[in-house]
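This is what each chain is made of:
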Amino acid sequence: MKALEFATKHDIAATAADVSRIRSALDRFYAAVAAATPVADSYIQLHAGQAIRGFFLQHNPLSGQGHGVALALAEMPAAWPPKYCASVAYHLAPLLDEVINS
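Residues numbered from 1 in each chain as written. Predicted model: local features only at pLDDT ≥ 70, side-chain atom pairs only at ≥ 80, totals over all residues. Heavy atoms only, no water.

Visitor: How should the overall build of the protein be read in this particular structure?
Guide: The secondary structure content of the protein amounts to six helices and zero strands. Ordered by position from the N terminus, the helices and strands of the protein form the series α-α-α-α-α-α. Principal-axis analysis of the C-alpha atoms places the extent of the protein at approximately 35 × 35 × 20 Å. Taking all 102 residues of the protein together, 36% fall into the buried category. Here the contacts in the protein between residues at least 6 apart in sequence split such that 68% fall between residues at least 24 apart. For the protein, the computed accessible surface area is about 5900 Å², with 58% contributed by carbon and sulfur atoms. Of the charged side chains in the protein, 7 are positive and 8 negative, and the gap between their average positions amounts to 5 Å. (Helix = DSSP H or I, 4+ residues; strand = E, 2+ residues; numbered from the N terminus. Buried < 20%, exposed > 50% of the residue type's maximum accessible area, 1.4 Å probe, protein only. Contact = heavy atoms within 4.5 Å. Areas by Shrake-Rupley, 256 points an atom, 1.4 Å probe, with all protein chains shown as cover. Lys, Arg positive; Asp, Glu negative; His and termini not counted. Charge placed at Lys NZ, Arg CZ, Asp CG, Glu CD.)

So, in structure tokens, the structure goes:
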């Protein structure tokens, strides 16, 4: 996906360099999650939630926490099994509080 398509898909104003930075940040987040809880066709345990949220906060590619979470969920690796993706989404859900309470 080209930079303009990526920016349009995620409703952000971004140059090619910005998109490259965002993708790199997402890759670091996904790698940290996979390193902490190996990718498998299973759910991630509850005790890993705080670490997953911490990884996201460390690697959030955007200034807005809610928008960053939405982008991270939309760009999750296609190779990740559905249960694993659902678990990541579940553990990131508390970070969406600003979206609901703003």
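Visitor: Help me understand the side chain of H91 in this model?
Guide: By the secondary structure assignment, H91 is in helix 5 (residues 82–92). Overall, the relative accessible area of 2% leaves H91 in the buried class. H91 has contacts with I44, Q45, L46, G49, I52 and R53, leaving out every residue within four places of it along the chain.

Visitor: What's the story with the packing of aromatic side chains in this structure? I'm lost.
Guide: Between two aromatic rings, the relevant description is the distance of the centres plus the angle of the planes. By the definition in use, this model includes four aromatic pairs. With 5.5 Å between their ring centres and 55 degrees between their planes, F29 and Y30 make a pair best called tilted. Measuring from centroid to centroid gives 4.9 Å for W80 and Y84, while their planes differ by 80 degrees, and the two rings are edge-to-face. In this pair, the class of W80 matches that of Y84, namely buried. One aromatic cluster in this structure is built from F29, Y30, F56, W80 and Y84. (Phe/Tyr/Trp six-rings, centres within 6.5 Å; stacked < 30°, edge-to-face > 60°.)

Visitor: Could you clarify how one ought to interpret the environment of K9 in this entry?
Guide: Here K9 is to be found in helix 1 (residues 3–9). The partly exposed category is assigned to K9, whose relative accessible area is 46%. In the structure, K9 is positioned 62 residues away from L71 in sequence and 9.4 Å away in space, judged by C-alpha atoms. If we ignore the near neighbours within four places in the chain, the residues touching K9 are M1, A74 and E75. Engagement of the side chain of K9 in a polar contact is seen with the side chain of E75, the distance being 2.9 Å. (Polar contact = N/O pair within 3.5 Å; in protein donor to acceptor, adjacent residues only side chain to side chain.)

Visitor: Looking at this structure, I do not really get the confidence of the model for the protein. What am I missing?
Guide: Close inspection of predicted coordinates is inappropriate for parts of the model with low pLDDT. In the predicted model, the protein carries a mean pLDDT of 91, and the fraction of residues at 70 or more is 98%. The spread of mean pLDDT over the elements of the protein runs between helix 6 (residues 97–100), the lowest at 76, and helix 5, the highest at 97. (pLDDT = per-residue confidence, 0-100.)

Visitor: Please explain the side chain of H10 as it appears in this structure.
Guide: Within the secondary structure layout, H10 lies in the loop between helix 1 and helix 2 (16–36). Judged by its relative accessible area of 8%, H10 falls in the buried class. For H10, the side chain forms a polar contact with the side chain of E75, separated by 2.7 Å. Excluding residues that lie within four positions of it along the chain, H10 makes contacts with H67, L71, A74 and E75.

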